[in-house]
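# Summary of structural features
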Amino acid sequence: MIALARSLVRVCLAAAICVGASSGALASDKVVYHIDDVATQGLKGLRNIRNHLDVAPDTQIVVVTHANGVDLLFEDGKHPSGTAYAPLVSALKARGVRFEVCEITLKNRSLERERFSMDAEFTPSGVVRIGRLQSREGFAYIRP
């Protein structure tokens, strides 16, 4: 009877190890990209995100914008070179990237939600959102 119990314990432990190992293999990376200055981070950040997904397509990415970074998500936003941001944002949105705009910035800059791309979501505070994604949800932090 003792031998049977030991064998059962070994089988259960082996099964638990296999389940733990396989669930770890299914885990994907989670990353928050922080953009607060579209002039220096806009095009570079979008390019970084595209490259990130090209190499690790299962990565969960959230882009949080505040201050001058929200300009990245203006419907008519363009880089000084003339490159429009909206098509690049839409292409990344189609790959599962979430783009969030800080509502404190909207208030401080007197901006209307209608000014933003349909791909934009809104968060009460960009800084709080970044902190929570890192501390509560295990997101790595990248600032392009």
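Residues numbered from 1 in each chain as written. Predicted model: local features only at pLDDT ≥ 70, side-chain atom pairs only at ≥ 80, totals over all residues. Heavy atoms only, no water.

### Focus: the environment of Leu111
Cut-off, in case you're wondering: Secondary structure elements are taken from DSSP: a helix is a run of H or I of four residues or more, a strand is a run of E of two residues or more, and numbering for both begins at the N terminus. Relative accessibility thresholds used throughout: buried, under 20% of the residue-type maximum; exposed, over 50%; partly exposed, between the two (1.4 Å probe, protein chains only). Residue contacts are counted whenever heavy atoms from the two residues lie within 4.5 Å of one another.
Along the chain, Leu111 turns up in the loop between helix H4 (103–109) and strand S4 (120–123). The class of Leu111 is buried, set by a relative accessible area of 13%. Once the C-alpha coordinates of Leu111 and Val70 are considered, the two residues, 41 residues apart in sequence, prove to be 9.9 Å apart. Apart from the residues within four sequence positions on either side, Leu111 is in contact with Val70, Phe74, Leu106 and Phe116.

### Brief notes about the side chain of Thr59
In this fold, Thr59 is placed in the loop between helix H2 (38–55) and strand S2 (60–68). Residue Thr59 is classed as buried on the basis of its relative accessible area of 7%. Dropping the residues within four chain positions of it, Thr59 is found in contact with Asp29, Val31, His52 and Leu53.

### Here we look at the pairing of strand S1 (residues 30–37)
Our working rule: For two strands to pair, DSSP has to find at least two bridges joining them. Looking down the strands as they point away from the viewer, one classifies a crossover as right-handed if the path from the first strand across the helix to the second runs clockwise.
Here S1 lies mainly inside the structure; six of its eight residues are buried. In this structure, S1 lies alongside S2, joined through seven bridges in parallel fashion. The residue of S2 that forms the bridge with Lys30 is Gln60. Crossover handedness for the path S1 to H2 to S2: right-handed. The sheet contact formed by S1 and strand S5 (residues 140–142) spans three bridges and is parallel. What sits directly across from Tyr33, in S5, is Ile142.

### Some remarks on the nonpolar core
The test is simple: The criterion is simple. A nonpolar core is a set of buried Ala, Val, Leu, Ile, Met, Phe, Trp, Tyr and Cys residues joined through side-chain atoms within 4.5 Å.
Of all hydrophobic cores here, the largest spans 24 residues; its most connected members are Ile49, Val63, Leu73, Val97, Phe99 and Phe116. Elements supplying a minimum of two residues to this core: S1, H2, S2, helix H3 (86–94) and strand S3 (98–102). For this core, the leading source of residues is H2, giving five residues. Apart from residues lying up to four places away in sequence, Val97 is in contact with Ile49, Leu53, Ile61, Val63 and Leu92. Residues Val64, Ile130, Leu133 and Phe139 belong to the second largest nonpolar core, which totals six residues.

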